[in-house]
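Coordinate inspection notes
Below, each chain spelled out in residue letters.
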Amino acid sequence: MCGIVGYVGKRNATPFLIEGLEALEYRGYDSAGIYVAGKGVLKRAGKVSVLKSCTPSDFIGAAGIAHTRWATHGAPTENNAHPHTDATGNIWLVHNGIIENYRAIRASLEAEGVVFRSETDTEALAQLVGKKYRELPILEAAVAAALSEIRGAYGIAVMSTREADKIVVARLGSPLLIGMGDREYYVASDATPLLPHTRRVIYLDDGEMAVLTSHGHSITSLTQAPIEKGIETLEWNIESVKKKGHDHFMLKEILEIPEVIENAIRGRLDLENSHVHLGGLADAEERLRKTKRIIITGCGSAYYASLIGELLIEEIVGIPVETEIASELRYRRCTVDPEGAILIAVSQSGETADTLEAVREAKRHGIFTLGVVNVVGSSIARETDTGVYNHAGPEIGVASTKAFVSQLVVLALIALYLKQCHGTAETNILQELTRLPDYARSILGEREQIEEIAAKYAGMQNALFIGRKFQYPIAYEGALKLKEVSYVHAEAYGAGEMKHGPLALIDPEFPTIALMPRDSVYEKTLSNIEEIRSRGGKIIAITTGSTPQGMNEVISVPETHEALLPILTTIPLQLLAYYIARSRALPIDMPRNLAKSVTVE
Ligand code: F6R
């Protein structure tokens with residue numbers, strides 16, 4: 001979704017601002033703009049490359065802010081692109097989030113004669129800051145006064161033509177980081193633009209603002225009370241956000257899966273003593289022992305990972321688990337007794353608005369919250385009571401691949417940990433977890449076969465994904481991946497549901513991707529597949545062990561414990577989606593209409 005960068009210091013801000021916008025492109029956007037002190041503003045609809053190509057070589061200044069906009073209020077036009085200004089042209093502001101009461105603010109300013117130039121909610125805030133600035137020309141005071149009248153979510157960076165060496169940033173519900181340089185500051189809405197420049201950062205928390213100049217910085221509350229904040233170190237490095245010779249981040253990230261599994265289990269498994277160490281959960285052990293009920297939540301792929309988490313915990317630990325999409329959970333009446341209840345929130349970015357709100361809602365009801373998050377220092381990581389990081393490294397491709405796999409690994413670790421809190425170990429699964437990186441390597445080693453299958457089916461209009469038990473959520477995840485990157489209409493069903501309706505769809509042009517490893521429901525799935533085959537349907541089977549008869553295509557994955565098989569069977573589905581999208585020459589890493597991190601509801 002929208003992205004913010006800013007710079008103030010001794011050097012020319014423009015190169016960082018443009019490169020920063022490029023680094024944020026993966027988040028999804030449809031227009032971009034830049035403001036540089038002493039030079040003014042440039043905005044363009046479309047790609048950052050368009051903005052870059054029209055930026056004159058003398059567009060130079062020691063401070064500036066820039067933005068990529070993912071349209072919410074108003075079309076993706078040049079006019080609606082950020083930065084926005086006020087009536088005098090003194091104030092320049094970029095904003096992520098949504099100003100909920102912008103209509104009322106706009107109406108009252110228009111009644112005072114202010115003329116608006118865009119359809120955005122953001123301009124209402126820029127105009128309001130402008131009004132306050134005309135009353136008291138100190139930028140931070142004007143920003144604080146304006147924000148006290150705002151309802152909604154924001155991460156903002158604001159400049160004034162009259163205080164050219166100053167950027168004021170503030171946050172409520174939309175992330176902002178300050179990168180610390182040598183008498184220079186970088187601002188970004190996620191860590192990726194900062195990585196080539198600094199790994200020393202301050203994470204702004206909700207309700208905080210900062211004033212940055214080339215002489216220093218100060219952090220305060222929105223009422224301008226001083227706040228002391230420590231400097232933290234970013235875990236990621238610059239190499240992790242490069243394509244390293246691959247055509248797309250999606251393929252690079254799928255190929256990283258063996259390493260991602262290793263990183264998720266590193267230092268967490270003690271095979272000799274059949275023990276799982278999860279540092280983040282150590283303090284919560286007593287509470288985890290007393291857990292009677294677990295709710296897991298997430299959105300999209302994270303929700304499908306949550307469904308597998310549910311099966312893992314129920315099978316391994318025997319505690320009742322309920323999984324709910326975060327956008328539904330947050331609006332349901334909460335009937336959960338907080339005593340002995342835990343909410344697990346699964347989110348790669350740690351910024352998904354619905355998941356974050358579900359966490360807040362659970363906390364309001366006194367429920368203990370646990371985050372399964374990839375981005376260190378993200379909102380969900382900070383707001384949950386405890387958590388386990390994925391350590392999957394940055395995921396740039398919009399479609400989640402390696403992070404989804406790491407979510408499954410971490411949820412398996414949490415299930416084993418809960419079992420351990422209840423006094424027993426699950427040695428077999430523990431051992432098998434350590435073998436997964438090699439199993440994943442062997443699947444990736446056979447990727448040419450999947451590429452060939454993809455070439456054969458690239459023209460299909462529809463696809464059906466089916467699976468049972470542990471493979472049921474993987475069927476949904478496989479269908480989502482195919483839809484997202486290749487725009488093929490894909491449906492997913494529990495294999496046992498076929499006779500209850502979806503069988504009517506089957507014809508020779510509507511292939512089924514059947515998840516049918518030799519697990520405890522293999523025979524059942526096989527008979528569901530026979531129903532499809534006998535109606536002329538083509539089958540692409542994802543299986544383990546000896547090749548089943550009569551399938552049109554067979555992709556084999558190594559055998560392992562059935563609770564861990566989703567970690568393997570999802571890999572061929574990711575590759576299939578990738579190769580089909582590639583044969584259709586689609587923008588795989590940034591599919592149309594999608595954003596990497598969904599920070600608005
Ligand atoms: C699908 C995908 C999305 C995300 C969802 C949640 O490939 O990436 O469905 O899984 O938007 O995002 P996070 O995990 O960041 O909360």
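All values derive from a computational prediction rather than experimental measurement. (Residues numbered from 1 in each chain as written. Predicted model: local features only at pLDDT ≥ 70, side-chain atom pairs only at ≥ 80, totals over all residues. Heavy atoms only, no water.)

Re the pattern of salt bridges
Considering all chains together, one arrives at 41 salt bridges under this definition. For Arg11, the salt bridge identified is with Glu184, shortest N-O distance 3.0 Å. One end of the pair, Arg11, is in the loop between strand E1 (3-8) and helix H1 (13-24); the other, Glu184, is in the loop between strand E9 (177-180) and strand E10 (185-188), and 173 residues separate them in sequence. Look at Arg11 and you get partly exposed, because its relative accessible area is 44%. Residue classification places Glu184 among the buried positions, given a relative accessible area of 10%. (Salt bridge = Lys/Arg side-chain N within 4 Å of Asp/Glu carboxyl O. Helix = DSSP H or I, 4+ residues; strand = E, 2+ residues; numbered from the N terminus. Buried < 20%, exposed > 50% of the residue type's maximum accessible area, 1.4 Å probe, protein only.)

A few points about the pairing of strand E2 (residues 31-36)
Within E2, 6 of the 6 residues are buried, leaving the element largely enclosed by the surrounding structure. The two faces of E2 match: Ser31, Gly33 and Tyr35 on one face and Ala32, Ile34 and Val36 on the other face are all buried. Bridging between E2 and strand E3 (residues 40-45) involves 6 bridges; their strand directions are antiparallel. Bridge pairing in E3 places Ile34 opposite Leu42. In this antiparallel pair of consecutive strands, E2 and E3, the connection spans 3 residues, and Gly38 shows a positive phi of 85°. In the sheet, E2 pairs with strand E4 (residues 63-69) via 6 bridges, with the strands oriented antiparallel. The partner of Tyr35 across the bridge, within E4, is Ile65. (Pairing = 2+ DSSP bridges.)

Re the domain arrangement of the chain
Annotation of the chain at the domain level lists domain 1 (3-234), domain 2 (243-436) and domain 3 (446-601). Summarising the inter-unit geometry, the C-alpha centres of domain 2 and domain 3 are found 24 Å apart. Summing both partners gives a buried area of about 3400 Å² for domain 2 against domain 3, and 69% of it is carried by carbon and sulfur. If you look at where domain 2 meets domain 3, you find 2 salt bridges. Lys596 is the salt-bridge partner of Glu395, the closest N and O atoms lying 2.7 Å from each other. There are 13 residue pairs in polar contact (both at pLDDT 80 or more) connecting domain 2 and domain 3. For the side of domain 2 that touches domain 3, the secondary structure elements donating two or more residues are helix H6 (249-255), helix H7 (257-265), helix H9 (300-316), helix H11 (353-364), helix H13 (402-421) and helix H14 (427-445). Counting residues per element, the side of domain 2 that touches domain 3 draws most heavily on H9, at 8 residues. (Domains from an automatic or database assignment. Buried area = accessible area lost by both parts, 1.4 Å probe. Polar contact = N/O pair within 3.5 Å; in protein donor to acceptor, adjacent residues only side chain to side chain.)

Describing the sheet that holds strand E26 (residues 553-556)
Spatially, E23-E22-E24-E25-E26 is the arrangement adopted by the 5 strands of the open sheet, whose pairing is parallel. With partners counted over all chains shown, the strands left at the sheet margins are strand E23 (489-494) and E26, one partner each. Direction aside, neighbouring strands of the sheet carry axes that sit 20° apart on average. As paired strands, strand E22 (residues 462-467) and E23 are joined by 6 bridges and run parallel to one another. (Axes fitted to C-alpha atoms, helices over the stretch in contact; angles between N-to-C directions.)

Details of the side chain of Glu208
Inspection of the secondary structure puts Glu208 in strand E12 (residues 208-213). On the accessibility criterion, Glu208 (8% relative accessible area) is buried. Within the local environment of Glu208, its side chain forms a polar contact with the backbone nitrogen of Asp205, the two atoms lying 2.8 Å apart. Among the polar contacts made by the side chain of Glu208, one reaches the side chain of Lys229 at a distance of 2.9 Å.

A look at H9
With 17 residues, H9 should reach 24 Å at 1.5 Å per residue; the first-to-last C-alpha distance of 24 Å fits that figure. Counting buried positions over the 17 residues of H9 gives 14, a clear majority of the element. Two residues or fewer after H9 comes Gly318, characterised by a positive phi angle close to 85°. (Expected span 1.5 Å × (residues − 1).)

A word on the site of the ligand
Around the ligand, 15 residues are found, and the nearest of them are Ser347, Gln348, Ser349, Thr352 and Glu484. For the ligand, an oxygen atom lies 2.7 Å from a polar atom in the side chain of Glu484. Burial of the ligand by the protein chains amounts to 89% of its free accessible area of 400 Å². For the shell around the ligand, the class distribution of residues is 5 nonpolar, 8 polar and 2 charged. Both domains that furnish three or more residues to the shell around the ligand are identified here as domain 2 (243-436) and domain 3 (446-601). (Near = heavy atom within 4 Å. Areas by Shrake-Rupley, 256 points an atom, 1.4 Å probe, with all protein chains shown as cover. Nonpolar A, V, L, I, M, F, W, Y, C, P; charged D, E, K, R; others polar.)

Some remarks on the packing of helix H15 (residues 447-457) against helix H18 (residues 565-583)
Packing of H15 against H18 leaves a shortest axis separation of 8 Å and a crossing angle of 50°. The angle between the axes of H15 and H18 places the two elements in the oblique class. Here H15 runs over H18; the crossing is right-handed. Within the contact between the two elements, H15 uses Arg447, Ile450, Glu451, Ile453 and Ala454 and H18 uses Pro572, Leu575, Leu576, Tyr579, Ile580, Arg582 and Ser583. Taken together, the residues that form the contact of H15 with H18 break down as 8 nonpolar, 1 polar and 3 charged. (Parallel < 35°, antiparallel > 145°, perpendicular 65-115°, else oblique. Left-handed = near helix turned anticlockwise from the far one by under 90°. Contact = heavy atoms within 4.5 Å.)

Focus on unusual backbone geometry
The amide bond that connects His82 to the next residue, Pro83, takes the cis arrangement and shows omega of 0°. Position of Pro83 among the secondary structure elements: in the loop between E4 and strand E5 (84-85). Not every positive phi belongs to a glycine, and Lys469 is a case in point at roughly 50°. Residue placement: Lys469 occurs in the loop between E22 and helix H16 (472-486). The phi dihedral of Asn593 falls on the positive side, at around 70°, and the residue is not glycine. Following the sequence through the fold, Asn593 ends up in the segment after H18. The class of Asn593 is exposed, set by a relative accessible area of 66%.

Quick notes on the UniProt feature "domain: SIS" (unreviewed entry) in the chain
In this numbering, the UniProt entry assigns the feature "domain: SIS" (unreviewed entry) to residues 284-424 and 453-591. Here residues 284-424 runs as 45% helix and 20% strand, with 17 Å between its end C-alpha atoms. Summarising residues 453-591: 37% helix, 18% strand, and an end-to-end C-alpha distance of 22 Å. (UniProt positions renumbered as here; feature names shortened; annotations may be inferred.)

Some words on the packing of aromatic side chains
Summed over all chains, the structure comprises 8 aromatic pairs. Seen in terms of ring centroids, Tyr35 and Trp92 are 5.3 Å apart; in terms of plane orientation they differ by 15°. Their pairing is stacked. On the criterion of sequence distance, the pair formed by Tyr35 in strand E2 and Trp92 in strand E6 (residues 91-99) is long-range, its members being 57 residues apart. Given the relative accessible area of 3%, Tyr35 is considered buried. Taking the relative accessible area as the measure of exposure, Trp92 reaches 11% and is therefore buried. Between Tyr303 and Tyr304 the ring centres are 5.6 Å apart and the planes differ by 55°, which places this aromatic pair in the tilted class. Judged by its relative accessible area of 17%, Tyr303 is buried. Here Tyr304 falls in the buried class, since its relative accessible area comes to 15%. These aromatic residues form a ring-pair network of at least three members: Tyr303, Tyr304, Tyr472 and Tyr476. The positively charged end of Arg592 is found above the aromatic ring belonging to Tyr487, 3.9 Å away from the centroid. (Phe/Tyr/Trp six-rings, centres within 6.5 Å; stacked < 30°, edge-to-face > 60°. Lys NZ or Arg CZ within 6 Å of the ring centre and 35° of its normal.)

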